Amino acid sequence: GTCYQQVKRVLHAAVPDRLHARERETGVIRQFLREHVCGRRPGSLYISGAPGTGKTACLSRVLLDCKDELTGSKTIVLNCMALSSPQGVFPAVAQQLGLPAAAGREGVRRLEKQLTAQGPMVLLVLDELDQLESKSQDVLYTLFEWPRLPGSRLILVGLANALDLTDRSLARLGARPAGSPQLLHFPPYTREQLSAILQERLGQVAGDTVLDTAALQFCARKVSAVSGDARKALDVCRRAVEVVELEVRSQTLLKPLPGGE
């Protein structure tokens, strides 16, 4: 029972110490933060990729690794799925900066004034950024315009599934010199990469193998053909372990007692 619990634990989609096959992407994010946050240069980074390709995990890992380097700045992390509307991002950011609540244009003006005044750099991370899309795209334009304001101290990092969000929704930004955000795309994991991720996780558990190599390769092949989603591969293996665990428990319960009829 303990063995199955350990295997299920390592197959959870928590942020690992090292992200396999994402060394390049991790390096790009780390370099961006060092250049802009530590170098006090406002700017923006747009990270795209399908679900389960490691976008949020990579950024979370870099933020943890660079914690000491970022101590002189203010870091705000928001998941836009939690907002009731695209406009809700402004009061959410204001609250994190300790500003009094203000709705509408007044709230946006206060934020803009705060982000162009003297003070530490502000790193704003917006996960699920595509939730802020609206008919006029005014929310997204405002956010990506802020790092370019005179005296701005904002560094914006947005994460979303869509590869073409900036082309589709923020085309006007590209019309200006150095207007578009820096882009970083996370491709889907390949079969080999998924297999290596699963092997690496299961290698953390000592003792007999619960899932053999053939099963892991079968899972990696099926998931890579559909989505390349590492979370899905981890979930499939975890569910497989749960099925085996239930079967073993039922067999143990049905086993006759020694000396019984």
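The rules behind these values
- Residues numbered from 1 in each chain as written.
- Predicted model: local features only at pLDDT ≥ 70, side-chain atom pairs only at ≥ 80, totals over all residues.
- Heavy atoms only, no water.
- Helix = DSSP H or I, 4+ residues; strand = E, 2+ residues; numbered from the N terminus.
- Rg over C-alpha atoms; globule rule 2.2 N^0.38 Å.
- Buried < 20%, exposed > 50% of the residue type's maximum accessible area, 1.4 Å probe, protein only.
- Contact = heavy atoms within 4.5 Å.
- Areas by Shrake-Rupley, 256 points an atom, 1.4 Å probe, with all protein chains shown as cover.
- Lys, Arg positive; Asp, Glu negative; His and termini not counted.
- Charge placed at Lys NZ, Arg CZ, Asp CG, Glu CD.
- Salt bridge = Lys/Arg side-chain N within 4 Å of Asp/Glu carboxyl O.
- Core = buried A, V, L, I, M, F, W, Y, C linked by side-chain atoms within 4.5 Å.
- Expected span 1.5 Å × (residues − 1).
- Pairing = 2+ DSSP bridges.
- Axes fitted to C-alpha atoms, helices over the stretch in contact; angles between N-to-C directions.
- Parallel < 35°, antiparallel > 145°, perpendicular 65-115°, else oblique.
- Left-handed = near helix turned anticlockwise from the far one by under 90°.
- Nonpolar A, V, L, I, M, F, W, Y, C, P; charged D, E, K, R; others polar.

Student: How should I be thinking about the overall build of the protein chain in this particular structure?
Tutor: Looking only at helices and strands, the protein chain has 10 helices and five strands in total. Relative to the globule expectation of 18 Å for 261 residues, the C-alpha radius of gyration of the protein chain, 23 Å, shows a markedly less compact shape. When the backbone C-alpha atoms are referred to their principal axes, the protein chain occupies close to 85 × 40 × 35 Å. By the burial criterion, 42% of the 261 residues in the protein chain qualify as buried. For the protein chain, the proportion of contacts with a sequence separation of at least 24, taken over those separated by at least 6, is 80%. With an accessible surface of roughly 14,200 Å², the protein chain has 53% of that area assigned to carbon and sulfur atoms. In the protein chain, 33 side chains carry a positive charge and 27 a negative one; their mean positions are 5 Å apart.

Student: Please clarify how the environment of A225 should be interpreted in this entry.
Tutor: By the element assignment, A225 lies in helix α9 (residues 213-226). Residue classification places A225 among the exposed residues on the basis of a relative accessible area of 66%. Between the alpha carbons of A225 and Y189 there is a distance of 9.8 Å; along the sequence they are 36 residues apart.

Student: Hey, could you run me through the pattern of salt bridges in this one?
Tutor: Applying the stated rule across the entire model yields 16 salt bridges. For E106, the salt bridge goes to R109, with nearest N and O atoms at 3.4 Å. Taken as a pair, E106 and R109 lie in helix α5 (residues 104-115) at a separation of three residues, close to a single helical turn. You can call E106 partly exposed: its relative accessible area is 37%. Notably, a salt bridge pairs R239 with E242, separated by 3.4 Å at the nearest N-O pair. In this pair, R239 and E242 both sit in helix α10 (residues 230-254), three residues apart, roughly one turn of the helix.

Student: What exactly am I supposed to notice about the nonpolar core here?
Tutor: Buried together is how nonpolar side chains tend to be arranged in soluble globular proteins. Counting 29 residues, the largest nonpolar core has V89, L124, L126, L129, L132 and L143 as the members making the most contacts within it. Listed by contribution, the elements that provide at least two residues to this core are β2 (74-79), α4 (89-96), α5, β3 (122-127), α6 (138-145) and β4 (154-160). No other element matches the five residues that α4 contributes to this core. Here L143 is in contact with V89, F90, L124, L126, L132, L154 and L156, once residues within four sequence places are set aside.

Student: Is there a simple way to think about α5 in this case?
Tutor: One turn of an α-helix holds 3.6 residues; hence residues three or four places apart share an orientation. Across its 12 residues, α5 extends 17 Å between first and last C-alpha, which sits within 8% of the 16 Å expected from 1.5 Å per residue. Of the surrounding secondary structure, the elements contacted by the buried residues of α5 are α4, β3, α6 and β4.

Student: Please clarify how the pairing of strand β1 (residues 43-49) should be interpreted in this entry.
Tutor: Two faces belong to every sheet, and in a regular strand the side chains alternate between them. Of all seven residues in β1, seven are buried; the element is thus mostly enclosed. Of the strand pairs in this sheet, β1 and β4 are connected by six bridges, and their pairing is parallel. Bridged to S48 within β4 is A160. Pairing between β1 and strand β5 (residues 182-186): five bridges, direction parallel. Across the sheet, G49 pairs through a bridge with F186, a residue of β5.

Student: Even after reading the chapter, I still don't get the packing of helix α2 (residues 23-38) against helix α3 (residues 55-65), so can you show me in this structure?
Tutor: Two measures define how a pair of helices packs: the angle their axes make with one another and the distance between the axes. Where α2 contacts α3, the two axes come as close as 10 Å, and the packing angle between them is 50°. By the angle between their directions, the pair α2 and α3 is classed as oblique. Of the two elements, α2 crosses α3, and the hand of that crossing is right-handed. Facing α2, whose interface residues are T26, I29, R30 and L33, α3 presents C58, L59, V62, L63 and D65. Taken together, the residues of the contact of α2 with α3 break down into six nonpolar, one polar and two charged.

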